[in-house]
Structures are given as C-alpha cells and as structure tokens.
Amino acid sequence: QVQLVESGGGLVQAGGSLRLSCAASGRTFSSRAMAWFRQAPGKEREFAAAISRSDSSTNYADSVKGRFTISRDNAKNTMYLQMNSLKPEDTAVYYCAAGGFISTMSTQYAYWGQGTRVTVSS
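Residues numbered from 1 in each chain as written. Predicted model: local features only at pLDDT ≥ 70, side-chain atom pairs only at ≥ 80, totals over all residues. Heavy atoms only, no water.

## Here's the deal with the state of the cysteines
Going by this rule: Defined by distance alone, a disulfide is two cysteine sulfur atoms within 2.5 Å. Helix and strand definitions here come from DSSP, where helices need a minimum of 4 consecutive H or I residues and strands a minimum of 2 consecutive E residues; each element is numbered from the N-terminal end.
The final tally for this structure, using the stated rule, is 1 disulfide. Here Cys22 engages in a disulfide with Cys96; their sulfurs sit 1.9 Å apart. Between Cys22 and Cys96 the sulfur-sulfur dihedral comes to about -70°; the bridge is accordingly left-handed. In this pair, Cys22 is assigned in strand 3 (residues 18-25) and Cys96 in strand 9 (residues 92-99), connecting sequence segments 74 residues apart.

## Re the pattern of salt bridges
Quick note on the threshold: Any Lys or Arg side-chain nitrogen located within 4 Å of an Asp or Glu carboxyl oxygen qualifies as a salt bridge. Each residue is placed in one exposure class: buried if its accessible area under a 1.4 Å probe, protein chains only, is under 20% of its type's maximum, exposed if it is over 50%, and partly exposed if it falls in between.
Across all of its chains, the model carries 4 salt bridges by this definition. The shortest N-O distance in the salt bridge between Arg38 and Glu46 comes to 2.7 Å. Classification of Arg38 as buried rests on a relative accessible area of 5%. Residue Glu46 is classed as partly exposed on the basis of its relative accessible area, which comes to 35%. The partner of Lys65 in a salt bridge is Asp62, with the nearest N and O atoms 3.4 Å apart. The network of salt bridges with common partners includes Arg38, Glu46, Arg67 and Asp90.

What follows is the structure, encoded as structure tokens:
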C-alpha cells in the first residue's frame, strides 16, 4: 500500500517556474520507479517525466525536455518536478505515480496521487 500526495501547483505567468512535490507514505519509496503525468482540459493524459528507483536514469517527454527536471530524495520519501520556462500549453492537472519500473505508459503504474493543478497564463 502506497499513498501519494502532490503539492506545489498554482497559477503562474508564462516564462515562470514552479516546483511540484510528491510525498509518499505507506511503504518503501526507494524501491519504486516514479513518474509525472499530466492531463489538460479536453485532452488525454500524457507522460511528462519518469525516474528509476535507483535514480540512475530519467525519461522526459519531448514537450518538456530541457525545461523540466525530475528528481527524488529517498531520505524524505519525496519526488520533485522542477518546471522552468512554463508555457500556456503546460496548463494541466499533474499526477504523481509509482510503479515497479520506469515506463512512459500510465497503465504500468499502480499507485497515483490526487493531482495538483498548474495554470500558466499568457
């Protein structure tokens, strides 16, 4: 059993930055791969970034590469998504997910947070 809680979302101007956090509890955090997905209004949920359990590899969607950075702090049982140079098209609900291995597919993650909303104004 794993519980995930996202925080850090909000309203920012285009070009601004936000850092999202995902706090994990219930079971071990370090043994699981973690990922961020996002879903914009009227669109399908899409992959944003993922990080392996060992912190040895990361994966980013082309749409966020070079602007977003995923990281984890196992001592704090927390994962982060640093978002820079935000664009209006980044507006979405961002979801934290945990699974057994790193993947770009949402179906491969068994545990999900409630989501945190990010709104980027023009």
